[in-house]
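Single-letter residue listing:
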Amino acid sequence: MEPDRHLDLDIRDPAWADAPGEIVKAVLGDGPHAVTLHADGADAPTALAAQLLAFLRRHVEAGGGSFDILEPSEGFVEGLRLLGLGEAILGTEGVQ
């Protein structure tokens, strides 16, 4: 049995804007079973970052993994809501 693979990401990392392909490669690379995104203190995400998050969440969960967003800031949640991606990224519990 393959050991679980866990990847920690931080939405405040400049790579989301400067090198989004590297983030995608890290997630798709060996197929992580779990991804944790730290979003505490984060501003509203860019449209590109939000689209990447939606894609990555779907990809990880379709492969049977988990995708968790820890303590999303109000600005982060509101930004996703304004882009119409709140539910796709945070799920129904994160969108109030």
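Rules and cut-offs
Sequence order sets the numbering: in each chain, residues are counted from 1 along the sequence as written. Owing to the predicted nature of the model, reporting of local features is limited to residues with pLDDT of at least 70; listing and counting of side-chain atom pairs is limited to 80 or more, with chain, interface and lining totals taken over all residues. Only hydrogens and water are set aside when side-chain values are computed; all heavy atoms of the structure are taken into account. We define the nonpolar core as a collection of buried residues of types Ala, Val, Leu, Ile, Met, Phe, Trp, Tyr and Cys that are connected through side-chain atoms lying within 4.5 Å of one another. A simple rule labels every residue: compare its accessible area, found with a 1.4 Å probe on the protein chains alone, to the largest value its type can have, and call it buried under 20%, exposed over 50%, or partly exposed in between. Runs of E in the DSSP output that reach at least two residues are strands. Runs of H or I that reach at least four are helices, and both are numbered from the N terminus. Contacts were defined at the residue level, with two residues in contact if any of their heavy atoms lie within 4.5 Å. By this definition, two strands are paired if DSSP reports at least two bridges between them. By convention a crossover is right-handed if, when the strands point away from the viewer, the path from the first strand over the helix to the second runs clockwise.

(A) Seen up close, the nonpolar core. Counting residues in each nonpolar core, the largest one holds 26 residues, and the members touching the most others are Leu9, Ile11, Trp16, Leu37, Leu53, Ile69 and Phe76. Contributions of two or more residues to this core are made by strand S1 (6-10), helix H1 (15-18), helix H2 (20-28), strand S2 (34-38), helix H3 (47-62), strand S3 (66-70), helix H4 (74-83) and helix H5 (86-94). Here this core gets 7 residues from one element, more than from any other, and that element is H3. Residues in contact with Leu37, not counting those within four places in the same chain, are Leu9, Asp10, Ile11, Trp16, Leu53, Asp68, Ile69, Leu70 and Phe76.

(B) Main features of unusual backbone geometry. In this structure, Glu71 is a non-glycine residue whose phi angle is positive, near 40°. Relative to the helices and strands, Glu71 is located in the loop between S3 and H4.

(C) Spatial organisation of the pairing of S2. Across the 5 residues of S2, 4 count as buried, placing the element largely inside the fold. When S1 meets S2, the two strands line up parallel, connected through 5 bridges. Bridging from a neighbouring strand, Leu9 pairs with Leu37 of S2. Judged from the 5 bridges that link them, S2 and S3 form a sheet pairing that is parallel. The residue bridging Val35 from the neighbouring strand is Phe67, located in S3. Taking the sense of rotation as the criterion, the β-α-β connection linking S2, H3 and S3 turns out right-handed.

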